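An overview of the molecular structure
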Amino acid sequence: MSRRLPIALAALALLAAPFGVGRLYSAYYLNLATWILIFALFAAALDLALGYGGLVSFGHAGFFGVGAYAAALSLRHLSTSLWPALLLGILAAAALAALVGRFAVHSRGVYLAMLTFAFAQLFYEIAIKWVAVTGGSDGLPGGSRPRIGAGALVLDLADKRHMYWVVLLVVAGGFLAARRIVNSPFGRGLVAIRESEARAAAIGIDVDRHKRLALVMSGGLSGLAGVLFAIHQNFVSPELLYFALSGEVVIIAVLGGIGTLYGALVGAVIAVGIKEILSTWTDNWLVFLGALYVVCVMCFPQGLVRLAERGARTT
Amino acid sequence: MSIDAILTQLLMGLTVGVNLVLVATGLTLVFGMMGVINFAHSALFMLGAYAGLVVSTRLGSFWLALLVAPIALGLVGAAIERGLLRPLRVRFPDSHLLPLLLTFGLGLFFEGAAKVVWGADIVSLDKPAALAGAVTLGRITFPAYWLFALVAAAVLAVLVWLVVERTPLGLSIRAATQDPTMAAVLGVNVRRLTTIVFALGSGLAAAAGVILGTMTSLSPQMGGGIVLDAFIAIVIGGLGSFTGAIVGSLLLGQVQSFGVALFPAFHTPLVFLVMAVVLVLRPSGLFGGGARR
């Protein structure tokens, strides 16, 4: 009861946020909140592989970007409806994750990080070179954003408030799915593998299969975040596949605290927020962002959520 | 392709290959000793090129730039290892992720700093007048600067090879890259060696930065492509192996050179294809020592 109430209030506040636009704050902040939610889902998806499976991936931008491109291409050539874009984005990213998993699952630690990195970079190159389909380095602009629903209840995603609601619901669904996975017997097995592969194998856990599945689920959820990104930005470009984004999402996850899922939300608020503030304040935000990452790693490497938990315990 | 064209491509591939050796050496030795891929390596390469630019415009000598830039960046590398990486490794000896993130942040920081100091635009580093024009080698004509880039990088690479393979210091380095713990137990001062290797790798990357920067042009993002190639080269050769880095780099140089000539649109995927084939046949690379990590 005491834990349910704050969560319910927070959910209500998040749902009601669009009504404050124009009265309490400008549409800019709602837009920022949408970005934060998308990156929170992306970081939570990474956390599934990194924090629970111990799979150090440095190529998650590959899954995110492939999801985004699949959605953009589906909206462009297949149908202007949201659902095929959503489905194709998730499937394409999950399929890529399955492929990467086949190659990478035997390697550990840095080897895995490097292989995932190389795969993502390969897709980055393809996105740049295969101009006919991807638009090359200019990217692909979207058309009109999809509408969903029927009759009196129509959500038009060109409307910032409607977009926010859809993103909020999809991201919440993504988080619930991730939590369900983590708390399932499969998730427990994954944690057992993270703690000791040899022991997990000895008690009969199929290590390879668990890792591959974890990567597929993580990739699929990253793809989902990519779809939301593509629709919200109404534009996809090769930067979505670039390793800088892979690094950024790892930073977001680590900043919040890996192995916590909801740490992703904390990390996204801080990382996306700071980046936004820095980029409006100065053109040289890259210097400050880099310095900030270094400071984060040196000063609170276990993440803010863990830091807060420890603080709460000692007081 | 005619014989002449093939010879030209071979020579160009060799030029790229030996310069890749310079970049890859630091990556692979640091990986072998610390288990870390240094994501700031591309920034060190880039800073080396800019340091060369500063020296050559202020002092008017390309040759001085080629000498000063590697030394300066070697010191920067040593400072990074001592000041940041070591404290992190003392606190979290088992984490692969934190050093990776640290070097990633450093890379962004340096890239941003270069934009602040030198601007985001492309600038060029002038080649010495003596190396302008082209030279004729038997049946083929080759740009003089390319030939210099080939020879200079090859000389440096051979020097490094001699140090690593033929001196007591090199013996310690090889021992420490294969098994840092065992090397330490046997009396090798691995801490000191780590600083030396990091400085050496940074200096070599800077030297390649000056040589290749002069060949192409300078921008804050210039390091990304070549370090990615060097990374692929050491994955092909086997992460942590010095011999592997050399063989992988030379192989990749040829794949690139002929790839560009034969399949202009798809030479980058070709490089990844070669890597994938090698990894499927030999999961730890051509000279990889097996499943230590």
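The coordinates are above.
Presented here is a report on the structure given in the accompanying data block. (Residues numbered from 1 in each chain as written. Chains lettered and ligands numbered in written order. Predicted model: local features only at pLDDT ≥ 70, side-chain atom pairs only at ≥ 80, totals over all residues. Heavy atoms only, no water.)

**With respect to the overall build of chain A**
- Within chain A, the regular secondary structure consists of 14 helices and 4 strands.
- For chain A, the C-alpha radius of gyration of 19 Å lies close to 20 Å, the compact-globule estimate for 315 residues.
- Dimensions of chain A along its principal axes, counting C-alpha atoms only, are 55 × 55 × 45 Å.
- With 315 residues in all, chain A has 54% of them scored as buried.
- Of the contacts formed within chain A by residues at least 6 apart in sequence, a portion of 75% connects residues at least 24 apart.
- As displayed, chain A offers around 14200 Å² of accessible surface, 65% of which is attributable to carbon and sulfur atoms.
- If you average the places of the 23 positive and of the 14 negative side-chain charges in chain A, the two averages end up 9 Å apart. (Helix = DSSP H or I, 4+ residues; strand = E, 2+ residues; numbered from the N terminus. Rg over C-alpha atoms; globule rule 2.2 N^0.38 Å. Buried < 20%, exposed > 50% of the residue type's maximum accessible area, 1.4 Å probe, protein only. Contact = heavy atoms within 4.5 Å. Areas by Shrake-Rupley, 256 points an atom, 1.4 Å probe, with all protein chains shown as cover. Lys, Arg positive; Asp, Glu negative; His and termini not counted. Charge placed at Lys NZ, Arg CZ, Asp CG, Glu CD.)

**Describing the packing of aromatic side chains**
Residues and elements named next belong to chain B.
- Counting across every chain of the model gives 27 aromatic pairs over all chains.
- Ring geometry for Phe39 and Phe104: centres 6.3 Å apart, planes at 80°, overall edge-to-face. Here Phe39, found in the loop between helix H1 (3-34) and helix H2 (41-58), pairs with Phe104, found in helix H4 (residues 97-118); they are 65 residues apart in sequence, far enough to count as distant.
- Look at Phe39 and you get buried, because its relative accessible area is 11%. (Phe/Tyr/Trp six-rings, centres within 6.5 Å; stacked < 30°, edge-to-face > 60°.)

**Describing the interface of chain A and chain B**
- Between chain A and chain B, the residue contacts involve 37 residues of the former and 38 residues of the latter.
- Taking both partners together, chain A and chain B bury about 3400 Å²; carbon and sulfur atoms supply 86% of that area.
- Linking chain A to chain B there are 0 salt bridges.
- At the boundary of chain A and chain B, one finds 1 residue pair in polar contact (both at pLDDT 80 or more).
- Secondary structure elements with two or more residues in the side of chain A that touches chain B: helix H5 (109-129), helix H11 (243-256) and helix H13 (285-299) of chain A.
- Looking at the side of chain A that touches chain B element by element, the count peaks at 12 residues for H5(A).
- Partitioning the side of chain A that touches chain B into residue classes produces 27 nonpolar, 6 polar and 4 charged. (Buried area = accessible area lost by both parts, 1.4 Å probe. Salt bridge = Lys/Arg side-chain N within 4 Å of Asp/Glu carboxyl O. Polar contact = N/O pair within 3.5 Å; in protein donor to acceptor, adjacent residues only side chain to side chain. Nonpolar A, V, L, I, M, F, W, Y, C, P; charged D, E, K, R; others polar.)

**Re unusual backbone geometry**
- If you check the backbone angles, Asn234(A) has positive phi at about 60° while not being a glycine.
- Even without being a glycine, Leu261(A) presents a positive backbone phi close to 60°.

**Regarding the pairing of strand S1 (residues 134-137) of chain B**
Residue and element names in this part refer to chain B.
- Summarising the sheet, S1 and strand S2 (residues 140-143) pair through 4 bridges and their orientation is antiparallel. Note that in S2 the partner of Val135 across the bridge is Phe142.
- Between S1 and S2, which pair antiparallel in sequence order, lie 2 residues; one of them, Gly138, sits at a positive phi of approximately 60°. (Pairing = 2+ DSSP bridges.)

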